[in-house]
Amino acid sequence: MATTYKQDLPPSGGFSKIPFLKNIPTRGPNGYACFGIFLGVSFSSLYVYYLNWRRIKFQQLEKNDANVAVEPFLTAERNRLLLKEMIRNREIEAKLMANVEGWEEGTVFGEPIYYTVKEDKFMEPNPNEFWTHGPPSAMRERANWRFWV
């Protein structure tokens, strides 16, 4: 039995060309369009930023005006509480030293605390003097209060 072989040959006219060159389709906008989009987004964002900046400046101005308007009331309240506590300290000192002869409240054994200050001048006490008759925790909490407020 004889077997006949058929040889593979190219088709008549040859094979088609093999596409080996870069044949990348252009997708999306070109460079000019991208630059235009970039400028549009940048300038619109700058405008929105400017509007927000104006709003924030206006709010800061209002807040500053409110602080300036309220400051005298806060200072008056602070001074009122300071004098109230100092009167309370004087009363406690008078009651505490009632049995000591020659003791005047507000002095140290009859001598004034400040020699160079006139009697009608107010000297704000330091925290240790102010919180003498109060709990130690109150003085510790409030001694550096001005740094936090």
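Because the structure is predicted, anything quoted here is derived from the model rather than measured. (Residues numbered from 1 in each chain as written. Predicted model: local features only at pLDDT ≥ 70, side-chain atom pairs only at ≥ 80, totals over all residues. Heavy atoms only, no water.)

K.L.:
Explain the overall build of the protein to me, and be specific about the residues and the numbers.
P.N.:
Across its full length, the protein carries 3 helices and 0 strands. Each helix and strand of the protein, ordered N terminal to C terminal, gives the series α-α-α. Here the protein has a C-alpha radius of gyration of 45 Å; the compact-globule value for 149 residues is 15 Å, and the former is much larger. Projected onto its principal axes, the C-alpha positions of the protein cover 150 × 50 × 25 Å. By the burial criterion, 7% of the 149 residues in the protein qualify as buried. If you take every contact in the protein between residues at least 6 apart in sequence, the share linking residues at least 24 apart comes to 42%. As displayed, the protein has an accessible area near 14600 Å², and 61% of this comes from carbon and sulfur atoms. Treating the 19 positive side-chain charges of the protein as one cloud and the 17 negative ones as another, the clouds have centres 23 Å apart. (Helix = DSSP H or I, 4+ residues; strand = E, 2+ residues; numbered from the N terminus. Rg over C-alpha atoms; globule rule 2.2 N^0.38 Å. Buried < 20%, exposed > 50% of the residue type's maximum accessible area, 1.4 Å probe, protein only. Contact = heavy atoms within 4.5 Å. Areas by Shrake-Rupley, 256 points an atom, 1.4 Å probe, with all protein chains shown as cover. Lys, Arg positive; Asp, Glu negative; His and termini not counted. Charge placed at Lys NZ, Arg CZ, Asp CG, Glu CD.)

K.L.:
For the pattern of salt bridges, give the residues involved together with the corresponding values.
P.N.:
Taken as a whole, this structure holds 3 salt bridges when the rule is applied. The partner of Arg80 in a salt bridge is Glu77, with the nearest N and O atoms 2.9 Å apart. Placement of both Arg80 and Glu77 in helix H1 (residues 31–96) is noted, with a separation of 3 residues, approximately one turn of the helix. We classify Arg80 as partly exposed; its relative accessible area is 43%. (Salt bridge = Lys/Arg side-chain N within 4 Å of Asp/Glu carboxyl O.)

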